[in-house]
Amino acid sequence: MKLGVCYNVFDGEELLESSITCIREYVDFVVVVGQEVSNFGERYDDLLPELLRLKNQGLIDYIHKFIPVEIDGKHRGIVNEALKRNIGKDICLKAGCTHNITMDCDEMYISKEFEKAKNKVEELDVDTSYITYDNYYKKPYFRRVEQKNLPYTTFIVKCDERKYSKGISAVNVDPTRSIDCKKYYIFNRDEIKMHHYSYMRKSEESLRRKLNNTSFRIHSEMDDKRSEIVDRYMNYEEGQKALLPSEYGFLAFDIERVEDKLKLDVEKFIL
């Protein structure tokens with residue numbers, strides 16, 4: 001297996017180095033599809049210097065500058081994210097990769113779990129694999145309590161003619177990561193899970209940038225609640241509910257304290 005990883009990046013770049021470092025030993029090629037203008041038109045000029053720094057360190061192999069497609073309606077976020085995932089997958093294929101993972105900056109793995117999972121995908125010779133994940137809020141020991149079944153995401157897939165956001169997945173996943181599958185494997189949580197540092201940011205500015213450009217903006221209720229979400233985050237105290245955007249618009253989630261198993265140097269990327 002030659003494994004390529006593609007990161008979709010506009011903001012949250014403060015988490016990128018840690019995310020790559022978790023898995024770099026076990027992947028062969030890392031591409032970042034980055035953009036200086038968000039899917040919703042916000043400009044951000046601090047990304048490219050950080051990507052070049054990581055490339056000079058050998059953490060990134062290739063950088064592709066993405067210019068979002070301008071379409072009417074709030075669904076442009078989903079459309080552009082799917083385009084980026086497919087660009088990254090195609091770059092991995094051209095680089096000779098046999099397999100690919102599409103990721104975001106805030107996705108972390110326990111390294112040894114990742115290694116074992118990669119080997120299992122190769123051993124089983126599946127075209128698609130899936131994992132569950134935990135969402136974290138503000139600190140690596142504050143985990144969101146899910147209000148329905150545990151979420152899934154697409155994990156390692158074969159590099160071939162298939163496209164993200166096309167076809168039918170074996171489980172319910174983010175629509176920008178759905179991909180047609182024939183032979184697949186669903187990892188259980190004892191084997192591996194992804195640690196999604198979805199709401200861990202280095203500053204209020206970074207958090208607001210995330211909320212301004214999330215694909216959840218398709219929901220007007222979420223759009224109206226951004227200031228309230230930021231205020232709760234900045235002043236959060238243990239025992240409170242987290243106020244977060246969701247696929248339903250806007251929800252209050254219970255937060256539970258858990259063990260920080262990754263033990264990353266989080267001072268680099270959280271308040």
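Above this text you will find the structure in question.
Residues numbered from 1 in each chain as written. Predicted model: local features only at pLDDT ≥ 70, side-chain atom pairs only at ≥ 80, totals over all residues. Heavy atoms only, no water.

Peer 1: Would you mind going over the overall build of the protein chain in detail, with residue names and values included?
Peer 2: Within the protein chain, the regular secondary structure consists of seven helices and 13 strands. Relative to the globule expectation of 18 Å for 271 residues, the C-alpha radius of gyration of the protein chain, 18 Å, shows essentially globular dimensions. Seen along its three principal axes, the alpha-carbon backbone of the protein chain occupies a region of about 45 × 40 × 40 Å. When the 271 residues of the protein chain are sorted by exposure, 54% land in the buried category. (Helix = DSSP H or I, 4+ residues; strand = E, 2+ residues; numbered from the N terminus. Rg over C-alpha atoms; globule rule 2.2 N^0.38 Å. Buried < 20%, exposed > 50% of the residue type's maximum accessible area, 1.4 Å probe, protein only.)

Peer 1: Could you give me a rundown of the packing of aromatic side chains, with the residues and numbers involved?
Peer 2: Applying the stated rule across the entire model yields 13 aromatic pairs. Note on Y136 and Y197: the rings are 5.3 Å apart at their centroids and 75° apart in plane angle, and the pair reads as edge-to-face. Within this pair, whereas Y136 is found in strand β6 (residues 128-137), its partner Y197 is found in strand β10 (residues 194-199), the two being separated by 61 residues in sequence. Centre to centre, the rings of F155 and F187 are 5.8 Å apart; their planes meet at 90°, and the pair counts as edge-to-face. With F155 in strand β8 (residues 152-158) and F187 in the loop between β9 (184-186) and β10, this residue pair connects regions lying 32 residues apart in the sequence. Taking relative accessible area as the criterion, F155 reaches 0% and is therefore assigned buried. Grouped by ring-pair contacts, the aromatic residues Y109, F114, F155, Y185 and F187 constitute a single cluster. Across from the ring centre of Y233, 5.2 Å away, lies the NZ or CZ of K138, which sits over that ring. Over the aromatic face of F253 sits the side chain of R144, whose NZ or CZ is 4.1 Å from the ring centroid. (Phe/Tyr/Trp six-rings, centres within 6.5 Å; stacked < 30°, edge-to-face > 60°. Lys NZ or Arg CZ within 6 Å of the ring centre and 35° of its normal.)

Peer 1: Can you break down the nonpolar core residue by residue, with the values?
Peer 2: Y7, L16, I23, Y109, F114 and F155 are the most contacted members of the largest nonpolar core, which totals 44 residues. Excluding anything up to four places from it in sequence, Y7 contacts L16, S19, I20, I23, V30, V31, V32, V33, M103, D104 and C105. With 15 residues, the next largest nonpolar core counts L211, L243, L244 and F253 among its residues. (Core = buried A, V, L, I, M, F, W, Y, C linked by side-chain atoms within 4.5 Å. Contact = heavy atoms within 4.5 Å.)

Peer 1: How would you summarise helix α7 (residues 226-234) if you had to cite specific residues and measurements?
Peer 2: Taken together, the buried positions of α7 are I229, V230 and Y233. Down the axis, α7 shows its buried residues gathered within 95° of arc, on one side only. (Arc of directions from axis to C-beta.)

Peer 1: Could you give an account of the pattern of salt bridges, with specific residues and numbers?
Peer 2: As enumerated under the stated definition, the model contains 30 salt bridges in all. R177 is paired through a salt bridge with D174; the nearest N and O atoms lie 3.6 Å apart. Judged by its relative accessible area of 30%, D174 falls in the partly exposed class. Where E259 meets K263, a salt bridge forms, and the shortest distance between an N and an O atom there is 3.8 Å. Using a relative accessible area of 59% as the deciding quantity, one classes K263 as exposed. Where salt bridges share partners, they join R85, D104, E107, D174 and R177 into one cluster. (Salt bridge = Lys/Arg side-chain N within 4 Å of Asp/Glu carboxyl O.)

Peer 1: If you had to explain the pairing of strand β7 (residues 139-144) to someone new, which residues and values would you point to?
Peer 2: With two bridges joining them, β6 and β7 adopt antiparallel strand pairing. Counterpart to Y137 in the pairing with β7 is K139. Hairpin connection from β6 to β7: one residue lie between these consecutive antiparallel strands, with K138 at a positive phi of about 70°. Taken together, the three bridges between β7 and strand β13 (residues 255-257) define a ladder with antiparallel strand orientation. By the bridge assignment, R144 is partnered in β13 with I255. (Pairing = 2+ DSSP bridges.)

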